[in-house]
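# Summary of the model geometry
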Amino acid sequence: MTEIQVRSKILEVFKEERQKPAALFEEYHFLDFLTFPPHRKDNIKNSFKGVKKYYQFMHKLELEFEICFTLSDLDRGYSVDKITKKVIKELEKDAEIL
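Since this is a predicted model, take the numbers as computed values, not measurements. Along each chain, residues carry numbers from 1 onward, in the same order as the chain's sequence is written. Owing to the predicted nature of the model, reporting of local features is limited to residues with pLDDT of at least 70; listing and counting of side-chain atom pairs is limited to 80 or more, with chain, interface and lining totals taken over all residues. Processing note: side-chain calculations cover all non-hydrogen atoms of the structure and skip hydrogens and water entirely.

## Focus: the side chain of Lys86
The test is simple: Here a strand is any run of E in DSSP of at least two residues, a helix any run of H or I of at least four, and the numbering for each starts at the N terminus. Here a polar contact is taken to be a pair of N or O atoms separated by no more than 3.5 Å, where protein atoms must pair a possible hydrogen donor with a possible acceptor and residues adjacent in sequence count only if both atoms sit in side chains. Residue contacts follow a heavy-atom distance rule, with two residues in contact if any of their heavy atoms lie within 4.5 Å.
The residue Lys86 is located in helix α4 (residues 80-97) in this model. At a separation of 2.9 Å, a polar atom in the side chain of Lys86 contacts the side chain of Glu90. With sequence-adjacent residues up to four places away left out, Lys86 is seen in contact with Phe69, Asp73 and Tyr78.

## Description of the packing of helix α2 (residues 48-65) against α4
The condition is simple: For every element, the axis is a line fit to its C-alpha atoms; helices are fit only across the contacting stretch, and the angle between N-to-C directions ranges from 0 to 180 degrees. Our angle categories are set so that under 35 degrees counts as roughly parallel, over 145 as roughly antiparallel, 65 to 115 as roughly perpendicular, and the remainder as oblique. Each helix crossing is assigned a hand: it is left-handed if the near helix lies turned anticlockwise from the far helix by less than a right angle, otherwise right-handed if that turn is clockwise. We call Asp, Glu, Lys and Arg charged. Ala, Val, Leu, Ile, Met, Phe, Trp, Tyr, Cys and Pro are nonpolar, and the rest, Gly among them, are polar.
Two elements in contact, α2 and α4, have axes separated by 11 Å at closest approach and are oriented at 40°. Considering their axes alone, α2 and α4 lie oblique with respect to each other. In this structure, α2 meets α4 at a crossing whose hand is right-handed. Across from Phe57, Met58, Leu61 and Phe65 in α2, the residues of α4 making contact are Ile83, Val87 and Leu91. The residue inventory of the contact of α2 with α4, partitioned by class, reads seven nonpolar, no polar and no charged.

## Considerations on the nonpolar core
What counts is decided by this rule: Side-chain atoms within 4.5 Å link the members of a nonpolar core, which is a set of buried Ala, Val, Leu, Ile, Met, Phe, Trp, Tyr and Cys residues. Any residue under 20% of the maximum accessible area for its type is buried, any over 50% is exposed, and the rest in between are partly exposed; the area is computed with a 1.4 Å probe on protein chains only.
Counting 22 residues, the largest nonpolar core has Ile10, Phe30, Phe57, Met58, Leu61, Ile83 and Val87 as its most contacted members. Where this core is concerned, the elements lending two or more residues are α1 (3-17), α2 and α4. The element best represented in this core is α2, accounting for five residues. Not counting residues up to four positions away in its chain, the partners in contact with Ile10 are Phe30, Phe57, Leu61, Phe65, Ile83, Thr84 and Val87.

## Here we look at the packing of α1 against α4
Where α1 meets α4, the closest approach of the two axes is 9 Å, and the angle between their N-to-C directions is 115°. For the element pair α1 and α4, the recorded crossing hand is right-handed. Only Val80, Asp81, Ile83, Thr84, Val87, Ile88 and Leu91 of α4 make contact with α1, whose side of the interface consists of Glu3, Val6, Arg7, Ile10 and Leu11. Class assignment for the residues of the contact of α1 with α4 results in eight nonpolar, one polar and three charged.

## Focus: the pattern of salt bridges
Our working rule: Salt bridge, as used here, is a side-chain nitrogen of Lys or Arg placed within 4 Å of a carboxyl oxygen of Asp or Glu.
By the definition in use, this model includes eleven salt bridges. Between Asp73 and Lys86 there is a salt bridge, with the nearest N and O atoms lying 3.3 Å from each other. Placement of Asp73 in helix α3 (residues 71-74) and of Lys86 in helix α4 is noted, with a sequence separation of 13 residues between them. Take Asp73 and Lys86: they sit in the same class, and that class is buried. Salt bridges here are not isolated pairs; linked through shared partners, they connect Asp73, Arg76, Lys86, Glu90 and Lys93.

So far we have only geometry, and geometry alone does not tell us how the molecule works.
Okay, structure coming up:
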């Protein structure tokens, strides 16, 4: 899977999980835009609704790509580029195991 394909799939899952799928968002802290109104930078986990949306999104990524995030992975804030690189890294790890 190419970086472009991974990024596209991440954004597709993001759109499915958002409260307002068509609303504009900032890529460097896109996870804060899972809720509406969006949270301030890196504050998605400061509300019950935000925590729920965040973990639902991350779980869907795990299912979609057949990977597992560690607890420390789940504690990080990601930009679209950073989470794309993280998913690719996890996919490569899985490929090495096989």
